[in-house]
Amino acid sequence: MTSTHPEKEDCPWVIAVVDHPQRTDSPAYTRSRALMQSLVATTKDWVLSSDQYQDHHGGSVWVKDAAGWLCLQLPLGIEWSAQFCADPAKVDLLRQYAGRVVAAFPQTLPGYESFGYHDGQSLLSTPITDANGIAAWTDSIFNASYPLPAASHTGMLPQAAGYHHYPKPIVDIDHFRFGDFKLFVTDSAGLPAVVVPVSPRGSGDGRVRLLAAHVDSAYFRKLASPPAPVPGPSGEAAHAESVAAPPAGQPGDGDQPDVLPADDPLAQQAFAAQ
């Protein structure tokens, strides 16, 4: 990769993450959760393995082939708190999609039945036309059945990065990285950043590429867009410096400002265990 482009939000915002408001678990949800726990217990190659799981309403469907159970993700997941704005016609498209996936794995529904879950066929064959249908789908094995360790579900840095708090493309890296590479690092002020190597393992290249940084970190300027030209006193274009030069010992600009040298504190943190 020889060039990058910044991505940022021009309008800062705060998300209120619903911490599962007090409610009684629906019978459908209880059945779905029990099935998910049974299925993930049989899946020894589950890539998000843990000794305990929370069920993420991530829009997943469990299917069975000759080798055992697989957990696949559908295009959309419906959080419990989001169901009340859901369009039945759009949710029904998810039902149809899941039905096609399950039909390709004919052992799936009998497999559900063997674990005492008898909702599968009815859910897949009943069109979703109202709020009750959406509720049934939301708490079903076809939506509320993505097993995640607690930290991967709702964790926050610096302890963990959960899907409810951080962009999925970055959280995913944490699950396939080398165990001795530190993805989430902190600057001298303790603010979080995300880095990845720029070269293959064993190359001897200790540089890292900065993917994300806290907006208050000195490293953030490496990801910010270059300032736009503005008219100078003579009418000619001049650059408006939006940030001051970093103090000594702080990250500075280069040809690729998002690439940090091997002696940068973030790079040293990232490779410290290697």
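As the structure is a computational prediction, the values presented were derived from the model and not from experiment.

Engineer: Any details on the overall build of the chain? Residues and values, ideally.
Structural biologist: Looking only at helices and strands, the chain has eight helices and ten strands in total. Of the contacts made within the chain by residues no fewer than 6 positions apart, 58% connect residues no fewer than 24 positions apart. Only carbon and sulfur atoms are counted for the fraction: they give 57% of the accessible area of the chain, which is about 16,000 Å².

Engineer: Please set out the pattern of salt bridges residue by residue, giving values where relevant.
Structural biologist: For the coordinates displayed, the defined rule picks out seven salt bridges. Asp92 is the partner of Arg95 in a salt bridge, and the nearest nitrogen-oxygen pair spans 2.5 Å. Of this pair, Arg95 and Asp92 both sit in helix H2 (residues 88-103), three residues apart, which is roughly one turn of the helix. Its relative accessible area of 10% is what places Arg95 among the buried residues.

Engineer: Kindly report on the side chain of Ser32, identifying the contributing residues and their values.
Structural biologist: Mapping Ser32 onto the fold places it in helix H1 (residues 27-41). You can call Ser32 buried: its relative accessible area is 0%. Beyond its immediate stretch of four places on either side in the chain, Ser32 contacts Tyr117, Asp139, Ser140, Ile141, Ala144 and Ser145.

Engineer: Please set out the layout of surface pockets residue by residue, giving values where relevant.
Structural biologist: Size it by volume and the second largest pocket reaches roughly 320 Å³. Along the walls of the second largest pocket sit 16 residues, with His56, Gly58, Gln73, Tyr163 and Lys168 positioned nearest its centre. Its residues assigned to classes, the lining of the second largest pocket shows seven nonpolar, seven polar and two charged.

Engineer: Tell me about the pairing of strand E6 (residues 192-197), residues and numbers included.
Structural biologist: Across three bridges, strand E5 (residues 184-186) lies against E6 in antiparallel orientation. What sits directly across from Thr186, in E6, is Pro192. Taking the residues between adjacent antiparallel strands as the criterion, E5 and E6 are bridged by five residues, where Gly190 takes a positive phi near 85°. Relative to strand E7 (residues 208-213), E6 is paired through five bridges, and the arrangement is antiparallel. Pairing of Ala193 across the sheet is with Ala213, part of E7.

Engineer: Which residues make up H1, and what values go with them?
Structural biologist: With 15 residues, H1 should cover 21 Å at 1.5 Å per step; its first-to-last C-alpha distance of 21 Å lies within 8% of that length. Looking only at H1, the buried set comprises Ala28, Tyr29, Ser32, Leu35, Met36, Leu39 and Val40. Viewed end-on, H1 has its buried residues packed into an arc of 130°, placing them on one side of the element.

Engineer: So what's going on with the sheet that holds E5? Which residues, and what values?
Structural biologist: Here we have four strands laid out as an open sheet, ordered E5-E6-E7-E10, and antiparallel in their pairing. A single partner strand is all that each edge strand has here, and the edge strands are E5 and strand E10 (259-260). As paired strands, E7 and E10 are joined by two bridges and run antiparallel to one another. Each bridged residue has a counterpart across the sheet, and for Arg209 the counterpart in E10 is Val259.

Engineer: Quick one: what's the story with the pairing of strand E3 (residues 68-73), residue by residue and with numbers?
Structural biologist: Here strand E2 (residues 60-65) pairs with E3 via six bridges, running antiparallel. From the neighbouring strand, Val61 faces E3, where its bridge partner is Leu72. The hairpin turn running from E2 into E3, its antiparallel successor, is two residues long.

Engineer: Tell me about H2, and please be specific about residues and values.
Structural biologist: In a regular helix each residue adds 1.5 Å, so 16 residues correspond to 22 Å; H2 covers 22 Å between its end C-alpha atoms and thus fits that length. Listed as buried for H2 are Val91, Asp92, Leu94, Arg95, Ala98, Val101 and Val102. Against the buried residues of H2 lie E2, E3, helix H3 (108-114), helix H4 (120-125) and helix H5 (131-138).

The rules behind the values
- Residues numbered from 1 in each chain as written.
- Predicted model: local features only at pLDDT ≥ 70, side-chain atom pairs only at ≥ 80, totals over all residues.
- Heavy atoms only, no water.
- Helix = DSSP H or I, 4+ residues; strand = E, 2+ residues; numbered from the N terminus.
- Contact = heavy atoms within 4.5 Å.
- Areas by Shrake-Rupley, 256 points an atom, 1.4 Å probe, with all protein chains shown as cover.
- Salt bridge = Lys/Arg side-chain N within 4 Å of Asp/Glu carboxyl O.
- Buried < 20%, exposed > 50% of the residue type's maximum accessible area, 1.4 Å probe, protein only.
- 1 Å grid on protein atoms, 1.4 Å probe; cavity = no way out; pocket = protein on both sides within 12 Å on 5 of 7 lines; lining within 4 Å.
- Points joined across faces, edges and corners; volume = space filled by probe spheres on them.
- Nonpolar A, V, L, I, M, F, W, Y, C, P; charged D, E, K, R; others polar.
- Pairing = 2+ DSSP bridges.
- Expected span 1.5 Å × (residues − 1).
- Arc of directions from axis to C-beta.

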